[in-house]
Amino acid sequence: MDQTTTPISSHQPIGVFDSGIGGLTVVAELRRRLPHEAIFYIGDTARVPYGNKSQATIERYSVEISELLLTRGAKMIVVACNTASSQALPQLEHLLPVPVTGVILPGAKAAVARTKNGHIGVIGTRATVRSGAYEKAIHALAPEVRVTSKACPMLVPTIEEGWLQSSITDAIIAEYLGDLTESGIDTLVLGCTHYPLLKKALARYLGPDIRLVDSGENCAIAVGELLETHRLSAPKEAQGSLQVALTDPADVFLTVAEEALGLSVGEIHTAQVQK
Ligand code: DGL
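What counts as what
Residues numbered from 1 in each chain as written. Predicted model: local features only at pLDDT ≥ 70, side-chain atom pairs only at ≥ 80, totals over all residues. Heavy atoms only, no water. Buried < 20%, exposed > 50% of the residue type's maximum accessible area, 1.4 Å probe, protein only. Helix = DSSP H or I, 4+ residues; strand = E, 2+ residues; numbered from the N terminus. Pairing = 2+ DSSP bridges. Near = heavy atom within 4 Å. Polar contact = N/O pair within 3.5 Å; in protein donor to acceptor, adjacent residues only side chain to side chain. Areas by Shrake-Rupley, 256 points an atom, 1.4 Å probe, with all protein chains shown as cover. Axes fitted to C-alpha atoms, helices over the stretch in contact; angles between N-to-C directions. Contact = heavy atoms within 4.5 Å. Parallel < 35°, antiparallel > 145°, perpendicular 65-115°, else oblique. Left-handed = near helix turned anticlockwise from the far one by under 90°. Nonpolar A, V, L, I, M, F, W, Y, C, P; charged D, E, K, R; others polar. Arc of directions from axis to C-beta.

A.B. asks: So what's going on with the pairing of strand β7 (residues 187–191)? Which residues, and what values?
C.D. replies: Taken across its 5 residues, β7 has 5 buried, putting it largely inside the fold. Burial of the side chains of β7 extends over both faces: T187, V189 and G191 are buried on one face and L188 and L190 on the other. Bridging between strand β5 (residues 119–124) and β7 involves 5 bridges; their strand directions are parallel. Bridging from a neighbouring strand, G124 pairs with G191 of β7.

A.B. asks: Account for the sheet that holds strand β2 (residues 38–43), naming residues and giving values.
C.D. replies: Spatial ordering of the open sheet is given by β4-β3-β1-β2-β9-β10, a layout of 6 strands whose pairing is parallel. Bordering the open sheet on either side are β4 (100–101) and β10 (268–270), each of which pairs with just one other strand. Inspection of the sheet shows strand β1 (residues 14–18) paired to strand β3 (residues 76–79) by 4 bridges, in the parallel sense. Across the sheet, V16 pairs through a bridge with V78, a residue of β3.

A.B. asks: Break down the site of the ligand for me, with residues and values.
C.D. replies: In the neighbourhood of the ligand, 14 residues make up the surrounding shell, with S19, Y50, N82, T83 and T193 lying closest. Measuring from a nitrogen atom of the ligand, one finds a side-chain N or O atom of D18 at 3.1 Å. Here an oxygen atom of the ligand sits 2.8 Å away from a polar atom, N or O, in the main chain of T193. For the ligand, whose free accessible area comes to 300 Å², the fraction covered by protein is 99%.

A.B. asks: Got a sec to walk through the sheet that holds β5? Specific residues and values, please.
C.D. replies: Two orientations exist for strands paired in a sheet by backbone hydrogen bonds: parallel and antiparallel. One open sheet accounts for 4 strands, arranged β6-β5-β7-β8; its pairing is parallel. At either margin of the open sheet sits one strand with a lone partner, and together these are β6 (146–151) and β8 (211–214). Across the sheet, the mean angle from the axis of one strand to that of its neighbour is 25°, orientation sign disregarded. Each of β5, β6 and β7 touches helix α8 (residues 167–182); the most contacted strand, β6, lies at about 170° to it.

A.B. asks: Describe in detail the environment of N52, supporting the description with residues and values.
C.D. replies: Take N52: it is sitting in the loop between β2 and α2 (55–71). Among all residues touching N52, those that are not within four sequence positions of it are R126 and P153. Of note is the side chain of N52, whose polar atom sits 3.5 Å from the side chain of R126.

A.B. asks: Outline the side chain of S19, supporting the account with residue identities and numerical values.
C.D. replies: Topologically, S19 is positioned in the loop between β1 and α1 (24–33). In this structure S19 comes out as buried when scored by relative accessible area, which is 5%. At 3.5 Å, the side chain of S19 and the side chain of D18 are in polar contact. If we ignore the near neighbours within four places in the chain, the residues touching S19 are G43, D44, T45, V48, Y50 and C81.

A.B. asks: Could you give me a rundown of the environment of K53, with the residues and numbers involved?
C.D. replies: Mapped onto the elements, K53 comes out in the loop between β2 and α2. Under the relative-accessibility criterion, K53 is labelled partly exposed at 25%. The spatial distance from the C-alpha of K53 to the C-alpha of L227 is 32 Å, given a sequence separation of 174 residues. Residues within four places of K53 in sequence aside, it is in contact with R47, V48, I58, Y61, A127 and R130. There is a polar contact of 2.4 Å between the side chain of K53 and the backbone oxygen of P49.

A.B. asks: Explain the packing of helix α4 (residues 104–114) against helix α10 (residues 215–229) to me, using residue names and the numbers behind them.
C.D. replies: Pairs of packed helices are described in terms of their axes, by the angle between the two and the distance that separates them. It is at 8 Å that the axes of α4 and α10 come closest, and there the two elements cross at 115°. Between α4 and α10, the angle is such that the two are roughly perpendicular. Handedness of the crossing formed by α4 with α10: right-handed. Side by side, α4 and α10 meet where P106, G107 and A110 of the first sit next to S215, N218, C219 and A222 of the second. Grouping the constituent residues of the contact of α4 with α10 by class yields 4 nonpolar, 3 polar and no charged.

A.B. asks: Describe helix α11 (residues 252–261), listing the residues and the values that go with them.
C.D. replies: The α-helix winds at 3.6 residues per turn, so residues separated by three or four positions along the chain end up facing the same way. Taken together, the buried positions of α11 are F253, L254, V256 and A257. Buried residues of α11, seen end-on, are gathered within an arc of 160° and therefore sit on one face of the element. Turned more than 90 degrees away from the buried face of α11, the exposed residues are V252 and E259. Next to the buried residues of α11 lie α1, α7 (155–160) and β10. G262 occupies a position one or two residues after α11 and carries a positive phi of about 60°.

Below is the structure:
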């Protein structure tokens with residue numbers, strides 16, 4: 001991978017990527033917590049979903065999108081996708097010449113801090129659940145905690161269809177989460193960056209006794225800390241900004257996400273993956 005020969009400057013943008021639009025839930029938290037930062041987001045909409053693909057493919061896609069972000073001057077990379085974080089983070093940390101963070105460790109930390117009865121549920125894509133990444137991260141922090149995971153592959157297409165409040169969505173949630181709620185969890189990690197868009201529907205089904213953990217907020221805190229550590233935080237007088245590029249033109253889901261998150265993404269650019 002090309003190394004940046006010039007020193008990284010705090011004025012450069014934070015590069016953020018996801019397989020699609022789901023990572024905008026993380027961007028919304030980054031904008032809230034780090035308002036001075038410029039953010040360059042790439043959604044790999046030409047190749048979404050990542051969640052049913054093999055580790056080799058997800059690694060390759062993640063490296064290609066990170067390289068694109070580096071060509072846009074990214075001073076650090078935020079992997080705003082649980083699937084890519086669970087499959088490709090070690091390789092990205094090894095290859096990239098800038099600091100990298102994913103969403104799994106921040107989510108695991110938040111869940112461990114939240115659980116009272118020591119039983120955490122995790123939902124995510126097939127690839128994320130298959131990787132056991134949340135179990136490993138949670139057990140590294142708290143070996144005694146019990147983790148029960150469930151892959152929910154239908155949730156991403158349901159969300160992308162814009163069915164955030166629909167009886168069909170409620171039925172899919174009930175089908176996936178029935179066993180999980182009966183297993184005695186008191187905390188549920190939304191282990192996919194799309195899922196915060198379903199928070200209301202999930203909370204309605206789960207009731208008040210199960211807390212929802214979304215890694216976006218904790219990821220934004222981790223990004224702030226990492227920038228401080230590397231002396232890369234944008235100056236306080238800087239005006240933050242957001243630029244969004246997609247590898248395939250936006251469809252209706254972008255509007256759904258913008259409205260649900262109260263995020264204004266402005267003009268969308270198209271990004272070409274270099275092979
Ligand atoms: N947003 C991705 C994640 O956080 C899931 C979407 C996909 O399957 O590509 O895992």
